[in-house]
Amino acid sequence: MNPDLDLTIERVIRAPRATVWKAWTDPERFAKWFLPAPMVCRVDRLEAHAGGGLVTRMSEDGVRFVPHIDASFLLVEENTRIVYTNAIDSSWRPMNPEPVALTAEIILRDHPDGTDYQAIVRHGDPASRARHEEMGFFEGWGTVTKQLAEVAEQ
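Residues numbered from 1 in each chain as written. Predicted model: local features only at pLDDT ≥ 70, side-chain atom pairs only at ≥ 80, totals over all residues. Heavy atoms only, no water.

Undergrad: Any chance you could break down the sheet that holds strand 3 (residues 53-59) for me, citing the residues and the numbers?
TA: Pairing is antiparallel in the open sheet, where seven strands are placed in the order 1-7-6-5-4-3-2. Single-partner strands in this sheet number two, and they are strand 1 (6-13) and strand 2 (40-46). Neighbour-to-neighbour, the strand axes of the sheet open up by a mean angle of 20 degrees, direction not taken into account. With five bridges joining them, strand 5 (residues 81-85) and strand 6 (residues 103-111) adopt antiparallel strand pairing. (Pairing = 2+ DSSP bridges. Helix = DSSP H or I, 4+ residues; strand = E, 2+ residues; numbered from the N terminus. Axes fitted to C-alpha atoms, helices over the stretch in contact; angles between N-to-C directions.)

Undergrad: Lay out the side chain of serine 59 in plain terms, naming residues and giving numbers.
TA: Its place among the elements puts serine 59 in strand 3. The exposure class assigned to serine 59 is buried, which follows from its relative accessible area of 2%. In this structure the side chain of serine 59 is engaged in a polar contact, spanning 2.6 Å, whose partner is the backbone nitrogen of glycine 62. Within polar-contact distance, the side chain of serine 59 engages the backbone nitrogen of valine 63 at 3.3 Å. Every residue in contact with serine 59, bar those within four places of it in the chain, is listed here: Pro38, Met39, Val40, Arg64 and Phe65. (Buried < 20%, exposed > 50% of the residue type's maximum accessible area, 1.4 Å probe, protein only. Polar contact = N/O pair within 3.5 Å; in protein donor to acceptor, adjacent residues only side chain to side chain. Contact = heavy atoms within 4.5 Å.)

Undergrad: With reference to specific residues and values, describe the pairing of strand 5.
TA: Along strand 5, four of the five residues are buried, which leaves the element largely enclosed by surrounding structure. By the bridge criterion, five bridges tie strand 4 (residues 66-77) to strand 5 in an arrangement that is antiparallel. Following the sheet pairing, serine 72 is matched in strand 5 by threonine 85. Turn length for the strand 4-strand 5 hairpin, with the two strands adjacent in sequence and antiparallel, is three residues, and the turn residue asparagine 79 shows positive phi of about 65 degrees.

Undergrad: Mind laying out the nonpolar core, listing which residues take part and the relevant values?
TA: If you look at the biggest cluster of nonpolar residues, it comprises 36 residues, and the most contacted ones within it are Trp24, Trp33, Tyr84 and Tyr117. For this core, the secondary-structure elements that each account for two or more residues are strand 1, helix 1 (17-25), strand 2, strand 4, strand 5, strand 6, strand 7 (114-122) and helix 4 (137-153). For this core, the leading source of residues is helix 4, giving seven residues. Sequence-distant contacts of tryptophan 33, that is, excluding residues within four places in its chain, are made with Ala23, Trp24, Val144, Gln147, Leu148 and Val151. (Core = buried A, V, L, I, M, F, W, Y, C linked by side-chain atoms within 4.5 Å.)

Undergrad: An account of helix 4 is needed here, citing residue identities and associated values.
TA: A rise of 1.5 Å per residue sets the reference length of helix 4, with its 17 residues, at 24 Å; its end C-alpha atoms lie 23 Å apart and thus fit the reference within 8%. Those residues of helix 4 not exposed but buried are Phe137, Trp141, Val144, Thr145, Gln147, Leu148, Ala149, Val151 and Ala152. (Expected span 1.5 Å × (residues − 1).)

As structure tokens, this is what we get:
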């Protein structure tokens, strides 16, 4: 981790790694937590394998959905690690996504109380990292991580 380029969220989720993994890889479960409530997430593609696509839409009212993320999975190690980027879309085309390009690494480890969950979000330059933090990274990613925990702990 490079503190000049990366932002990190960590949490212990009181559920087995396999359950947290399913919340990340099952489209129905994923849609329940991936956007901060009351936003609604719709999953168009969730192909949890290297080279697979991750495409979601979002809605404030549950009726009108707009694009949210169009990304590619770079690495998927079952029950252990997921790496995806929005710098390459689900069709493998290079992108300059707004508001920032990022690569996210999700790491799951055993913990005596369940799963040690870590999300490392990497940026290409300090300005992008700062912009993402100023936009509310810790609040937004913290909220969805809490929502992920709630889905997994049910």
